[in-house]
Amino acid sequence: MVTERSMTARLFNGLNLLVLIVLMLLCLLPVWYTLSVSLSDKASAAAGQVFLWPRGFTWGSYETIMKDDQFFRSFWISIQRVVCGAAIAFFVILLMAYPLSKTSKDFKPRNIIMWLLVFAMLFNGGLVPWYLTMQSLGMINNIWGLVLGGGLPVFNVILVMNYLRNMPKEMEESAMIDGAGPWRILFSVCLPLSVPVLATIMVFTIVYHWNEFFQALVLMNKADHYPLQSYIRQVAVVIDPTKMDEETVKRMSELSNQTLNAAKIFISMLPLLVIYPFLQKYFVKGITLGSVKG
Amino acid sequence: MIPKSFSKHFYIMLIPGLVWLALFNLYPMYGVLTAFKEFNPGLGIWKSPWVGMENFQYMFELDDSKLVFRNTVVIAFAKMVGNLLVPFVFALMLNEVKNRLLTRTVQTVVYLPHFLSWVIVAGMMLDIFSYSGPVNQVLSGLGLDPIMFFGNAHIFPALVVGSDVWKEFGFNAIIFFSALTSINPEMYEAAAVDGASQWQRLIKITIPSIIPVAALLATLSLGNILNAGFDQIFNMYNPSVYSTGDIVDTWVYRAGLIDFQYGLATAVGLLKSVVGLVLITISYTLAYRFANYRIF
Amino acid sequence: MKKAILSGLALLVVAASVSACGGSDNKSNEDAASSNNSTETKTTDSTPAKEETAAEEVIDPFAKFAEPTEVSIGRAIDPNYKYDGTDTAEDNVYTRWLKDKYNIVVKHAWEAASGNDYQQKVSLAISSNDLPDALVVNETQLRQMVKAGQLADLTDVYDKYASSELKAVYDSNPGLLDSVTFDGKLYALPETTLPSAPMTWIRKDWLDKLNLEAPKSLEDLGKIAQAFIDNKMGGDKTVGIVGTQQGGSLSSNFLASTDHWYNFSPLFFANDAYPGIWVKDKDGNAVYGSITEETKNALAMMKDWYAKGILDKELGIRKSTAEVVASGQTGIFFGPWWSAYNLSDSMKNDPNANWRPYIAPLDAAGKFNSNQATGSSYIVVSKKAKHPEAVIKMTTLHKWGKDEEYKTLTAGKEMTSQEVPLFLILGAGDQLEYAVNHLRQYLKDEIKLEDIDNINYGWAHEMATHVKAIKKEPFDNYDIQYFDQQADTGFFTHIYAHLNGGSTFVDADINWVRSIATAQTKTMESRWTNLKKLEDETFFKIIMGTEDISAFDTFVTKWKDQGGDKITEEVNELK
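Note that the coordinates shown come from a computational prediction; the quantities given were computed from them, not determined experimentally.

Helix and strand content of chain A: 15 helices and zero strands. Counting only residues that meet the buried cut, chain A has 57% of its 294 residues in that class. At a minimum sequence separation of 6, the contacts of chain A that also span at least 24 residues come to 71%. When the accessible surface of chain A is summed, it comes to about 12,400 Å², and 70% of that surface belongs to carbon and sulfur atoms.

Contacts between the two partners involve 41 residues from chain B, matched on the other side by 33 residues from chain C. A combined buried area of about 3,000 Å² lies between chain B and chain C, and 54% of that area is made up of carbon and sulfur atoms. On inspection of chain B and its partner chain C, the count reaches three salt bridges. A salt bridge links Arg 527 of chain C to Glu 61 of chain B; the shortest N-O distance between them is 3.5 Å. The tally of links from chain B across to chain C stands at nine residue pairs in polar contact (both at pLDDT 80 or more). Elements with a contribution of two residues or more to the side of chain B that touches chain C: α3 (54-61), α4 (63-95), α6 (118-128), α12 (242-245) and α13 (248-258) of chain B. Take the side of chain B that touches chain C: its biggest share by element is five residues, from α13 of chain B. Of the residues assigned to the side of chain B that touches chain C, the class counts are 21 nonpolar, 13 polar and seven charged.

Further remarks concern the sheet that holds strand β11 (residues 355-358) of chain C. Residues and elements named next belong to chain C. The sheet built from three strands is open, its strands ordered β10-β7-β11 with antiparallel pairing. The sheet terminates laterally at β10 (332-335) and β11, the two strands that pair on one side only. Strand-to-strand twist in this sheet, taken as the mean axis angle between neighbours without regard to direction, amounts to 30°. Sheet contacts for helix α9 (residues 218-230): β7 (199-203) and β10; angle to β10, the most-contacted strand, approximately 135°. Together, β7 and β11 form the strand contacts of helix α18 (residues 489-507), whose direction differs from that of β11 by roughly 20°.

Attention now moves to the side chain of Asp 205 of chain C. Residues and elements named next belong to chain C. Mapped onto the elements of the fold, Asp 205 is located in helix α8 (residues 204-209). Accessibility expressed as a relative area gives 17% for Asp 205, which makes it buried. At 3.3 Å, the side chain of Asp 205 forms a polar contact with the backbone nitrogen of Asn 354. The residues contacting Asp 205, other than those within four sequence positions of it, are Asn 352, Ala 353 and Asn 354.

With that settled, the discussion passes to the packing of helix α9 (residues 169-177) of chain A against helix α10 (residues 182-193) of chain A. Residue and element names in this part refer to chain A. It is at 10 Å that the axes of α9 and α10 come closest, and there the two elements cross at 160°. The angle between α9 and α10 falls in the class roughly antiparallel. The interaxial crossing formed by α9 with α10 has right-handed handedness. Seen from α9, the contacting residues are Met 171, Glu 172, Ala 175 and Met 176; seen from α10, they are Ile 185, Val 189 and Leu 193. Looking at side-chain class alone, the contact of α9 with α10 contains six nonpolar, no polar and one charged residues.

Let's shift gears to the UniProt feature "transmembrane region" (unreviewed entry) in chain A. All names here are of chain A. UniProt records the feature "transmembrane region" (unreviewed entry) for residues 12-33, 75-100, 112-131, 143-164, 185-210 and 262-279 in the present numbering. With 100% helix and 0% strand, residues 12-33 has its two end C-alpha atoms placed 31 Å apart. Secondary structure across residues 262-279 divides into 100% helix and 0% strand, with the first and last C-alpha atoms of the span separated by 26 Å.

Among soluble globular proteins, nonpolar side chains are generally buried collectively. Core analysis: the largest hydrophobic core is formed by 247 residues, its most contacted members being Leu 117 of chain A, Phe 115 and Phe 150 of chain B together with Ile 241, Leu 267, Trp 278 and Leu 311 of chain C. In terms of residue count, the dominant contributor to this core is helix α8 (residues 156-181) of chain B (15 residues). Other than its neighbours up to four places away in sequence, Phe 150 of chain B contacts Met 125, Leu 126, Phe 129, Phe 156, Leu 159, Met 236, Asn 238, Ser 240 and Val 241 of chain B together with Ile 317 of chain C. Of all hydrophobic cores here, the second largest spans 67 residues; its members include Ile 73, Tyr 94, Leu 151 and Leu 154 of chain C.

Here the focus is the environment of Leu 84 of chain B. Residues and elements named next belong to chain B. Structurally, Leu 84 can be placed in helix α4. Note on Leu 84: relative accessible area 17%, which makes it buried. C-alpha separation for the pair Leu 84 and Asn 172, spaced 88 residues apart in sequence, amounts to 7.6 Å. Here Leu 84 is in contact with Phe 176, Ala 214, Leu 217 and Ala 218, once residues within four sequence places are set aside.

As a further point, take the interface of chain B and chain A. At the interface, 79 residues of chain B touch 94 residues of chain A. For the pair chain B and chain A, the summed buried surface comes to about 8,000 Å²; carbon and sulfur atoms form 78% of the total. It is Trp 20, Phe 115 and Phe 296 of chain B in chain B that bury the most area against chain A; as a group they hold 11% of the surface buried on that side. Where chain B meets chain A, there are zero salt bridges.

Scoring rules and cut-offs
Residues numbered from 1 in each chain as written. Chains lettered and ligands numbered in written order. Predicted model: local features only at pLDDT ≥ 70, side-chain atom pairs only at ≥ 80, totals over all residues. Heavy atoms only, no water. Helix = DSSP H or I, 4+ residues; strand = E, 2+ residues; numbered from the N terminus. Buried < 20%, exposed > 50% of the residue type's maximum accessible area, 1.4 Å probe, protein only. Contact = heavy atoms within 4.5 Å. Areas by Shrake-Rupley, 256 points an atom, 1.4 Å probe, with all protein chains shown as cover. Buried area = accessible area lost by both parts, 1.4 Å probe. Salt bridge = Lys/Arg side-chain N within 4 Å of Asp/Glu carboxyl O. Polar contact = N/O pair within 3.5 Å; in protein donor to acceptor, adjacent residues only side chain to side chain. Nonpolar A, V, L, I, M, F, W, Y, C, P; charged D, E, K, R; others polar. Pairing = 2+ DSSP bridges. Axes fitted to C-alpha atoms, helices over the stretch in contact; angles between N-to-C directions. Parallel < 35°, antiparallel > 145°, perpendicular 65-115°, else oblique. Left-handed = near helix turned anticlockwise from the far one by under 90°. UniProt positions renumbered as here; feature names shortened; annotations may be inferred. Core = buried A, V, L, I, M, F, W, Y, C linked by side-chain atoms within 4.5 Å.

Spelled out as structure tokens, the structure:
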């Protein structure tokens with residue numbers, strides 16, 4: 001009786017483990033696949049023979065990238081964008097989330113502002129007015145357009161606001177009794193306690209800025225100013241053959257350059273893949289506490 | 001109790017955020033006027049002639065607009081369900097594994113796809129599900145006919161939903177992981193004393209404890225019912241799957257920027273925003289009523 | 001990869017470098033006129049800096065501006081193109097020559113990768129009314145700009161500043177300027193047509209191996225494709241006939257009439273079906289080709305072929321048709337004569353790959369049909385531009401301003417769209433024919449090198465100086481083994497494309513069908529997108545078997561109801 005139960009339990013646990021491991025491998029697939037293609041020779045990749053293992057192993061693609069100035073220029077722009085974007089988002093969101101985490105009794109316009117934020121998150125005027133606005137604000141062709149152009153990250157504000165709202169009130173109250181003003185409470189009481197949620201929004205912000213490619217295509221007048229994803233996309237671009245002209249014909253004949261594109265994509269994925277495991281413990285905590293009471 | 005004197009400092013704290021919001025989110029919103037105008041770029045938005053509700057009338061005449069709204073809701077709803085169910089089950093499964101190192105490793109790895117952009121993932125999907133791709137090789141190995149996955153309007157939504165769930169299930173499971181860890185271990189101990197099996201413990205203790213979390217998440221995601229994922233679909237679709245795969249956002253993009261039907265495109269986009277606002281209000285109310293929880 | 005760039009460039013060169021004038025035989029008057037002009041040109045060039053104001057009445061199109069004159073443009077660039085040294089798209093041999101010699105300073109308002117990114121940027125510039133002085137746009141964009149009143153009326157500046165050569169080109173393409181004249185005002189400089197009809201390209205080495213005859217009818221073609229598959233000529237995964245890839249259309253249409261590469265136009269044409277263009281029915285009324293009984297038959301046939309596995313199972317979904325051709329998985333595709341420029345990857349993978357074009361499949365009456373191509377690129381000038389005349393001049397100079405100094409500067413290198421701002425294809429339609437015929441005659445020593453017109457057909461002359469090193473005997477057999485691929489690698493692709501692809505096209509007896517409408521009508525502006533979507537969707541579904549052929553009739557009814565009938569009326573008025 002007992003053994004039978006432990007048999008089924010063991011069977012269950014074994015199966016369970018197997019499924020989990022398969023799921024895990026499934027998640028590694030894209031990175032592995034991209035890496036395989038990038039290390040294969042052009043002909044094998046073009047013939048679709050590469051899947052889980054490189055064919056005709058070569059470092060050629062990576063050597064080509066090393067000689068590509070624009071790749072590094074764009075890489076640097078992406079880094080700048082991520083750093084500036086994260087720094088600004090950090091302070092603006094923190095400053096904004098704190099007052100909004102108060103009840104409307106303590107801070108009257110709180111609810112109105114919250115609804116305004118939600119409204120701004122849902123509605124937009126379309127690409128053309130946005131572009132014109134960016135232009136009149138002098139955001140064309142410079143890094144600030146990329147950093148600020150996406151607008152206030154409302155979702156992240158709500159996340160931090162919720163986290164602060166769910167923090168124990170006692171610490172704040174005792175600080176107040178000690179005579180601390182709002183600024184000191186924010187920076188010496190709330191800030192240290194909200195490290196997880198701040199780390200979480202930093203992860204979101206970094207991922208967003210690193211992967212976003214569309215804005216630069218609109219805002220930048222030259223490929224010299226493109227961040228990495230925009231640069232990669234324009235060389236790995238899918239072409240619309242309905243607008244076929246001689247230019248497109250030429251570019252299409254270059255599309256078989258899969259291996260080089262794969263190498264570029266792989267390098268572009270790398271920074272995020274390297275840093276996220278280290279931020280993991282923070283964003284796990286932050287997401288939990290920011291959205292739902294623990 | 002927060003002293004009254006704090007209020008003015010609160011206003012100051014809000015300034016940077018509100019300025020950012022006003023300049024980059026709110027100001028460009030005058031563009032929604034296009035929905036009520038016959039936009040002429042030569043005249044600009046302000047000076048273009050008003051046409052009242054003409055764009056909306058045309059929108060309701062078009063079969064396409066109904067279709068894209070339907071597709072959007074179907075795909076978004078399926079994603080919503082998948083993105084709750086799969087992470088839920090996954091978290092339960094992982095919870096049964098007692099080896100800490102293994103749990104940590106699996107968790108870390110399944111977060112990975114979340115960090116990739118759709119441009120990359122969509123490209124991969126097209127490769128893997130192509131006619132002579134690995135999936136079809138397996139099918140033909142089993143003696144089945146190969147399937148044109150991306151050419152079949154019946155299958156396409158499933159691919160969209162499936163790949164989205166694949167990409168996000170790990171990340172979405174985070175909340176469930178933490179809900180699971182917050183279950184009082186004494187309950188398990190008591191159950192073990194009563195001789196409850198692993199299975200019984202799962203059914204009687206674990207699942208009931210995290211159901212509320214799932215319900216709350218479901219309510220919260222209601223606001224996303226019209227967001228079927230532009231980046232993803234834009235990189236995956238083709239004309240043969242328009243009937244099930246074309247969504248509001250892709251349609252608006254094509255109509256507006258490629259075909260210069262600004263008025264129509266803005267009208268459709270505006271309708272989407274309004275529905276979104278209504279839904280968020282509903283989910284706000286529901287969460288507050290039934291869970292006493294304020295979303296924001 | 002470099003090769004691919006070269007071959008692509010070559011194509012541009014072909015289209016651009018040949019000088020223009022009327023037809024070679026029947027327009028001898030114009031010939032004489034334009035060679036006169038060319039001599040004039042030479043003299044003008046050697047006396048630069050002629051004051052513009054000095055000639056109030058007769059303006060010299062080749063004169064240097066007195067002051068540096070700035071022209072801002074939006075520019076499509078190729079991110080993979082390698083310039084000489086530190087040159088860029090904005091500052092290169094060509095732009096420096098424009099500046100030094102003519103005082104025209106080209107400034108880039110913005111650059112974007114050619115293709116979608118460029119189109120998107122142009123559309124954005126139009127929508128936000130933030131236009132540079134000049135742009136190259138497509139048909140939809142042109143109409144939108146006219147409607148928005150954003151364009152400069154070029155009627156007068158064209159009259160005054162266009163050189164007689166430029167005018168001769170447009171005069172020899174009747175109707176071309178009319179298509180860009182709205183309310184009596186000239187709003188653009190259109191490109192001339194690159195001659196194009198989709199031929200069937202087949203691996204002749206495979207035909208020979210299987211002892212098959214060249215195809216004539218559709219039936220022949222189907223059998224050949226089936227034989228290629230059955231005999232696994234391209235390995236286990238042999239694809240019968242490849243065509244449309246992801247985002248592509250099944251056939252060319254009236255808004256993209258030159259779109260003949262890698263799609264299935266010939267399968268329609270051989271059924272006397274002309275989807276996507278406006279044809280006349282038996283009563284002489286305009287009818288949209290996509291809703292005819294012939295199109296239905298063509299679709300039924302394609303559906304059948306698809307089910308049999310003859311047509312690429314991944315049509316419309318495949319990321320790159322070019323890759324299938326390059327990897328040797330297929331032996332049949334459709335494409336115009338210049339497709340030969342893009343076969344180098346295939347030949348690299350398999351040096352025996354002997355691609356030959358065939359004037360097939362023929363229709364039931366034994367005719368080879370094709371729609372007639374019209375151009376789809378336009379140079380437009382913003383209303384706010386200060387110097388529209390500079391744009392006209394640039395267009396002239398690009399083709400007829402090339403003096404000795406220019407040749408020294410460029411060291412004989414052909415300038416491409418990557419160096420030349422506002423690049424437009426201009427020519428009189430007979431450039432290919434002249435080049436092909438003279439190359440053939442020259443090979444057989446029927447004419448001498450000097451007999452080839454170096455002034456008006458410079459490119460033909462240039463190729464002739466290389467052809468003898470590349471083409472081996474027999475001179476009238478264009479199989480790959482009769483070319484020396486290594487002797488002169490820089491010119492091999494040109495010669496191969498002209499002799500293999502070009503000659504078949506030039507010799508062909510083609511039944512041209514011209515679309516009644518070549519631009520959008522009023523109702524199309526609001527309805528066309530949705531109608532086109534309905535059409536694409538239905539056609540793909542029928543062929544791929546997810547819909548029955550009866551879906552075609554439903555489509556026709558819907559199409560008519562949703563604005564098609566109204567549009568047909570409007571097109572009838574155009575006749």
